[in-house]
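Secondary and tertiary structure notes
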Amino acid sequence: MKINPKKSLKGEITPPSDKSISHRGVMLGAVSEGRTVIKNILLSDDVRSTISCFKQMGVDILIDEEKSMVTVYGAGLYGLKAPKDPLYAGNSGTTTRLLSGILTGQSFPSEIFGDSSLNTRPMKRIIDPLTMMGADIVSKNNNGTCPLVISPSSLHGIDFLSPLASAQVKSCILLSGLYADSPTSVTEPSISRDHTERMLPAFGADIKINGNKVTVFPQRSLHGIEMTVPSDISSAAYFIAAALITKDSEILIRNVGINPTRAGIIDVARRMGGNITLLNEREISGEPIADILAKSSELNGTLVGGDEIPTLIDEIPVIAILAAHADGQTVIKNASDLKAKETDRIFTVSENLKKMGALVTPTDDGMIIDGTKSLSGAVIDSYNDHRIAMAFSIAALNAKGTTEILRSSCASVSYPGFYEDLESLQK
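Below: a short report on this structure. (Residues numbered from 1 in each chain as written. Predicted model: local features only at pLDDT ≥ 70, side-chain atom pairs only at ≥ 80, totals over all residues. Heavy atoms only, no water.)

Another aspect to go through is the nonpolar core. One finds Phe239, Ile253, Leu353, Ile369, Phe392, Ile394 and Phe418 to be the most contacted residues of the largest nonpolar core, which totals 74 residues. No other element matches the 11 residues that helix 7 (residues 233-245) contributes to this core. Discounting residues that sit within four places of it in the chain, Phe418 has contacts with Tyr238, Phe239, Met390, Ser393, Ile394 and Ala411. (Core = buried A, V, L, I, M, F, W, Y, C linked by side-chain atoms within 4.5 Å. Buried < 20%, exposed > 50% of the residue type's maximum accessible area, 1.4 Å probe, protein only. Helix = DSSP H or I, 4+ residues; strand = E, 2+ residues; numbered from the N terminus. Contact = heavy atoms within 4.5 Å.)

As structure tokens, then:
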């Protein structure tokens with residue numbers, strides 16, 4: 001994809017539906033009794049991986065592509081069937097980690113693996129707590145990564161003190177806890193995204209939340225629901241940034257989830273001087289949403305770190321783009337988990353920013369960026385990471401000369417229509 005600088009961006013878009021919520025809706029619907037209808041679901045590559053895995057285990061899932069709606073005819077907590085082949089999770093870490101929690105409670109053996117990128121991502125972070133619960137889960141190659149082999153076992157509840165704030169780790173343990181013989185608790189150093197905790201009670205699960213501690217109680221059954229998925233703030237983030245850094249720009253981004261455990265990008269952008277207004281705030285299916293109006297702004301550097309990192313970990317690539325266009329220095333720290341994403345995003349963000357002429361110093365847990373306000377077009381390697389491709393497509397809008405994004409089609413992992421939406425705003 002070749003992108004030239006733009007004079008201004010104007011218009012409105014509705015970003016794709018929230019990927020995290022879409023995954024969880026399918027998973028909980030699949031192990032519930034009765035029918036679950038998920039409206040406005042994200043039918044991206046990652047979510048289709050989740051759907052495919054459950055279809056392999058006998059769950060009837062109907063996809064209405066035109067309406068972006070999925071109907072899941074749940075098999076119940078104990079009604080999944082043994083898959084004939086290993087479960088393929090594609091590029092999806094969410095599929096792998098959350099589904100592993102469910103698989104530990106089944107009466108059949110299973111194996112789960114992914115593409116070349118996913119098969120390098122760390123799984124010891126779920127293997128260890130699941131093993132503490134009595135699960136029989138091992139890394140097939142004995143290297144802490146996929147493929148994971150899971151055998152039937154008896155699960156007991158634990159009180160797990162998580163060393164990192166990770167919604168995938170937390171959700172994996174809570175889903176496994178549904179099958180345990182006693183309550184299961186997860187305590188995090190800071191609160192990670194809480195979609196699982198919001199959704200479990202809607203499906204009939206009994207949970208208790210006390211600050212950073214979440215406890216799930218064993219369940220005999222869950223029941224299907226109807227739910228609507230809001231637009232994904234991680235996808236909206238690119239267009240918030242696009243408006244802020246491009247002159248004479250104004251973009252209205254509709255129906256965006258503003259769950260406080262996810263909305264750190266808004267806080268950081270405002271702190272940098274970003275002109276962002278939340279309109280029409282409301283709640284749908286237990287999640288707060290709003291329309292976001294973002295306008296061209298003069299930005300200043302800031303410090304990004306601490307407890308806010310879990311609320312914006314996926315948005316750090318595009319926050320780095322904002323930092324490159326700001327006055328002064330931006331320091332991003334306490335974000336070492338960036339190394340465990342689809343790529344080592346400390347490396348991939350830093351390398352590509354340098355190609356565009358930014359002043360950036362990678363660190364062990366983040367990066368230091370001295371704003372230059374002006375980037376130059378370059379050939380950008382996405383490394384097949386969707387968030388790198390999209391973040392640097394936004395950087396290209398305000399660069400001098402043409403920017404070429406290699407392997408740009410990887411954006412479809414989370415945002416199938418990203419380049420079409422970007423084109424629609426260009427005046």
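Turning next to the pairing of strand 5 (residues 69-75). Residues in a regular strand point their side chains to alternate faces of the sheet. Both strand 3 (residues 33-39) and strand 5 contribute to a ladder of 7 bridges, which runs antiparallel. Its bridge partner being in strand 5, Glu33 is matched across the sheet by Ala75. As defined by bridge partners, strand 4 (residues 60-64) adjoins strand 5 across 5 bridges and the pair is classed as antiparallel. Counterpart to Ile61 in the pairing with strand 5 is Val72. Turn length for the strand 4-strand 5 hairpin, with the two strands adjacent in sequence and antiparallel, is 4 residues, and the turn residue Ser68 shows positive phi of about 50°. (Pairing = 2+ DSSP bridges.)

With that out of the way, let us pick up the sheet that holds strand 1 (residues 2-3). In spatial order, the strands read 1-25-23; together these 3 strands make up an open sheet with mixed pairing. Two strands bound the open sheet, and with one partner strand each, they are strand 1 and strand 23 (379-381). Examined bridge by bridge, strand 1 and strand 25 (residues 403-406) share 2 bridges and lie antiparallel to one another. Looking at strand 25, one finds that Ile3 is bridged to Thr403.

For the pair helix 3 (residues 93-103) and helix 5 (residues 167-177), interaxial distance at closest approach is 6 Å and the crossing angle is 25°. Between helix 3 and helix 5, the interaxial angle falls into the category roughly parallel. Seen from above, helix 3 lies across helix 5 with right-handed handedness. Residue-level contacts link Gly93, Thr94, Arg97, Leu98, Gly101 and Ile102 of helix 3 to Gln168, Ser171, Cys172, Leu175 and Ser176 of helix 5. Of the residues assigned to the contact of helix 3 with helix 5, the class counts are 4 nonpolar, 6 polar and 1 charged. (Axes fitted to C-alpha atoms, helices over the stretch in contact; angles between N-to-C directions. Parallel < 35°, antiparallel > 145°, perpendicular 65-115°, else oblique. Left-handed = near helix turned anticlockwise from the far one by under 90°. Nonpolar A, V, L, I, M, F, W, Y, C, P; charged D, E, K, R; others polar.)

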